[in-house]
Every structure is written in C-alpha cells, then in structure tokens.
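Overview (structure and organization)
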Amino acid sequence: TLEMQLTPMLMLLRATLDHLQEKDTAHIFAQPVNLKEVPDYLEFITYPMDFSTMRSKLESHAYRSVADLEADFNLMVSNCLLYNTKDTVFYKAALRLRDLGGAVLRHAQRQATNAG
Ligand SMILES: CCOC(=O)c1ccc2c(c1)NC(=O)[C@@H](C)N2
C-alpha cells in the first residue's frame with residue numbers, strides 16, 4: 001500500500017516488534033500484568049509495559065525511532081527483573097528476553113541508519 005512505501009520507519013518498527021515478541025516463547029510479556037492476579041504489582045512498578053501496549057503505541061505513532069521502541073522494551077524487562085525474585089521463571093525469562101532482544105534491536109538500529 002502507499003503506507004508501505006511512505007513510512008519505512010513504521011514498517012521497520014513493526015518488523016522489529018514482531019521479532020522481539022517471537023523471543024517471548026512463553027508469552028509472559030504479551031499482555032499487561034493482571035492486577036487482579038498480582039494485586040501488589042503497582043506498589044513496586046510505576047510504569048507497567050507489555051507487548052500489546054507497545055503495539056498499540058506503535059500503531060498510534062508514539063514511536064518515532066528504534067530508540068523509542070527500545071525504551072519501552074527495556075522498561076518492560078526492567079519491571080520484570082524488579083518485581084520478580086531471581087528464582088522465578090519470570091525473572092529468568094526477562095534475562096533471556098533482554099539478551100535475545102538486544103541483538104534484534106542492534107540489527108534494527110543498523111537498518112534504520114542504513115535506510116537514512
Ligand atoms: C494468571 C497469573 O498470571 C501471573 O501471575 C503473571 C502472568 C504474567 C506475568 C506475570 C505474572 N508477571 C510478570 O512480571 C510478567 C512479566 N508476566
């Protein structure tokens with residue numbers, strides 16, 4: 001579509017978000033933390049973040065660069081490392097997502113720079 005040609009950044013951000021979310025194979029970052037299931041979550045976490053929220057922000061043009069997307073990705077990972085103890089599946093998944101996502105984001109930034 002015309003949007004495909006005229007908004008390379010939006011296309012790159014969508015592809016990068018898809019690639020980041022593929023690394024969350026357990027889907028524990030897919031939706032906001034359920035505050036009914038985790039009632040004390042906001043006692044520790046000021047700004048919750050998850051992939052569905054990032055996708056809504058992307059489609060609302062809230063991200064103007066790979067760095068903007070990376071900031072919310074890092075927030076999501078940091079929230080998880082802060083709230084959950086080291087022995088949990090959540091904490092371990094956040095470490096793995098941080099490392100795998102870092103490579104995805106470095107590649108995306110190179111593409112953004114090359115495309116100009
Ligand atoms: C149905 C119960 O779900 C959860 O308790 C739960 C579900 C998903 C979670 C989470 C908790 N904690 C987190 O830090 C983020 C990363 N994901």
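For the structure, see preceding data.
Everything numeric in this text was worked out from a predicted model, so none of it was measured.

1. Section: the pattern of salt bridges
Considering all chains together, one arrives at four salt bridges under this definition. Residue Arg55 is joined to Asp18 by a salt bridge in which the shortest nitrogen-to-oxygen separation is 2.9 Å. Taken as a pair, Arg55 in helix H4 (residues 51-59) and Asp18 in helix H2 (residues 8-22) lie far apart in primary sequence, 37 residues in all. By relative accessible area, Arg55 is classed as partly exposed at 29%. One salt bridge connects Asp72 with Lys57, and the closest N-O pair in it is separated by 2.7 Å. With Asp72 in helix H5 (residues 66-83) and Lys57 in helix H4, this pair connects stretches of sequence that are 15 residues apart. Residue Asp72 is classed as buried on the basis of its relative accessible area, which comes to 9%.

Thresholds, definitions, all that
Residues numbered from 1 in each chain as written. Predicted model: local features only at pLDDT ≥ 70, side-chain atom pairs only at ≥ 80, totals over all residues. Heavy atoms only, no water. Salt bridge = Lys/Arg side-chain N within 4 Å of Asp/Glu carboxyl O. Helix = DSSP H or I, 4+ residues; strand = E, 2+ residues; numbered from the N terminus. Buried < 20%, exposed > 50% of the residue type's maximum accessible area, 1.4 Å probe, protein only.

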